[in-house]
Amino acid sequence: MTNILTRDARAGLLAGRERGVRPGLVLAVVLIGQFMAVLDASIVNVAAPSIHASLHASGASLQLVVAGYIITYAVLLVTGARLGDILGHRRVFLGGLVLFTLASLGCGLAGTAGQLIALRLAQGAGAAVMIPQVLSLIQRTHAGPARARAMSSYSAVLAGGVVVGQLVGGLLISANLFGSSWRPVFLVNVPIGVALLAVGARALPHGKGEPGRTLDLPGLALLTPAVLAFVLPLVLGQPEHWPLWGWILMAASIPLVGTFVLAERRVAGTGGTPLIPGRVLRVPGVPVAIAALFTVMTIFSGFFFTLALHLQDGLGYTPLRAGLTFAPTAAAFALVSLNWRRLPARWHGALIVGGFVTFTVTIAGLAWVLHSGGTGEAGIYLIGAITGAGMAAAFSPLMTRVLMSVPVELAADATGVVVTVNQLGLLVGVATFGTLYLNLAGRLPSHAFGAFRHVSAHAEATTFLALAALAAVGIVLAITHVANRHHAPA
């Protein structure tokens, strides 16, 4: 309790220094920016079939359109956090927002799958620069109960965008504004980004960088190829018939990660500022919680990416109908995310475990419902709602616990580490479970037809069983986290 009071006191001092700043307006600006970035990691899922038809994109290209954004987002997030420390959080947030907005415009105007992939990489880089500043700006402008409420909103937005993206994507594509098909999925970011720039330039608190903070270029040079060596074979292996080079790259990712860990320890030992500071991972309860968050986000992305493909390519749903199929999931997720704090604190640990158990069972249930090529009728909406509630019950309290346990002085580093892990989870989910589905389903058809309906149903059911197995691992992690926190010294 003393540590919490000390952190809140420090936060209060920091917030008090921001004269003339309106915390509510700051929170609105940064959370809308956060929501846009998370939305763009998921909104493309429902647009994937339309992009496939419009740009004649292969299955691998579709995965790169989704995963390319997450690759640069995940790899550069920690560096983005460090840039905020060096140059100032306001300046870096606005700079990242400019890059994100311009890249979104380019994505909406892309004429080929290659151009779209390249611009998605740039869009991810903009998000990686912008997003790590969000938590630091919240810490600087909120204290005490207000900070706790802001953290709840932050964690809800972080995961809620993944779900809402499916619905918004379906609505935008089905509207087919001016015959633009999937393009408004990206173009919608442009007016929002311009408005945020105008408001953020006035609302966000000014601040200078922290002396002594430097970029860890060796760490970045090692982490980037380690992530790429693992992800690219997963994304390109299936359409390339699993070539030898893919297996070699995946094997090479292991020593690259080991070398990265050794290099980070060496940087820390010489008094430098490593890319992933070990002091963040030494906060009690954080490592297991981060592993559980990684598990949730991996399941999120694998679930939504493959189900969006099955609904449209397998069952022949329109983008709007596919998006509306996710509406109960989004509504239940939002309801739980915004209200779980009303429960007594002693129940929060059980809520996390119960959330993992719930969506383990419901994902397995969806595998059974869809395995024969059926639509599930009304049942799929009910199961989807329960799945969304379970995801929120697992994710939102867990994320809030992690963020509230980190001291203010570690806020920027913790933001980079935690959000990087979450985005790596999204990346691994798309690459791993997307590859599993595509490997079982084979080449995506231009239009849904009877034979592919059953092939896709089998592929989706198998993929969902694999997702349920991973969710069962999350149950173990959640129980471990709750037990460790229960036995931790006060």
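For the structure itself, look to the data block above.
Residues numbered from 1 in each chain as written. Predicted model: local features only at pLDDT ≥ 70, side-chain atom pairs only at ≥ 80, totals over all residues. Heavy atoms only, no water.

Caption draft 1: Layout of the overall build of the protein chain. When helices and strands are tallied, the protein chain shows 19 helices and zero strands. Buried positions account for 57% of the 490 residues belonging to the protein chain. Put simply, of all contacts in the protein chain between residues at least 6 apart along the chain, 86% involve residues at least 24 apart. On the protein chain, roughly 18700 Å² of surface is accessible, and the fraction owed to carbon and sulfur atoms is 70%. (Helix = DSSP H or I, 4+ residues; strand = E, 2+ residues; numbered from the N terminus. Buried < 20%, exposed > 50% of the residue type's maximum accessible area, 1.4 Å probe, protein only. Contact = heavy atoms within 4.5 Å. Areas by Shrake-Rupley, 256 points an atom, 1.4 Å probe, with all protein chains shown as cover.)

Caption draft 2: Looking closely at the pattern of salt bridges. Considering all chains together, one arrives at one salt bridge under this definition. Asp40 is the salt-bridge partner of Arg120, the closest N and O atoms lying 3.9 Å from each other. In this pair, Arg120 sits in helix 5 (residues 113-130) while Asp40 sits in helix 2 (residues 23-55), placing the two residues 80 residues apart along the sequence. (Salt bridge = Lys/Arg side-chain N within 4 Å of Asp/Glu carboxyl O.)

Caption draft 3: How the structure looks around a nonpolar patch on the surface. Taken together, Ile32, Val188 and Ile192 make up a surface patch of nonpolar side chains, about 190 Å² in accessible area. Take Val188: it is sitting in the loop between helix 8 (184-187) and helix 9 (189-203). (Patch = residues over 30% accessible without salt bridge, like charges linked within 9 Å, V, L, I, M, F, W, Y side chains within 5 Å.)

Caption draft 4: Up close: the packing of helix 4 (residues 89-109) against helix 9. For the pair helix 4 and helix 9, the least separation of the axes is 9 Å and the interaxial angle reads 160°. In terms of their interaxial angle, helix 4 and helix 9 are classed as roughly antiparallel. Relative to helix 9, the crossing made by helix 4 is left-handed. Residues Arg90, Leu94, Leu97, Val98, Phe100, Thr101, Ser104 and Leu105 of helix 4 lie in contact with helix 9, whose contacting residues are Asn189, Val190, Gly193, Val194, Leu196, Leu197, Gly200 and Ala201. The residue makeup of the contact of helix 4 with helix 9, split by class, is ten nonpolar, five polar and one charged. (Axes fitted to C-alpha atoms, helices over the stretch in contact; angles between N-to-C directions. Parallel < 35°, antiparallel > 145°, perpendicular 65-115°, else oblique. Left-handed = near helix turned anticlockwise from the far one by under 90°. Nonpolar A, V, L, I, M, F, W, Y, C, P; charged D, E, K, R; others polar.)

Caption draft 5: View of the environment of His56. Tracing the backbone through its elements, the reader meets His56 in the loop between helix 2 and helix 3 (59-87). Along the backbone, His56 and Thr112 are 56 residues apart, and their C-alpha atoms lie at a distance of 8.5 Å.

Caption draft 6: Quick look at the environment of Leu55. Summarising the element assignment, Leu55 is placed in helix 2. Through-space distance from the C-alpha of Leu55 to that of Leu116 is 9.5 Å; in sequence the pair is 61 residues apart. If we skip the residues at most four places from it in the chain, Leu55 touches Gly111, Thr112, Ala113, Leu116, Trp182 and Arg183.

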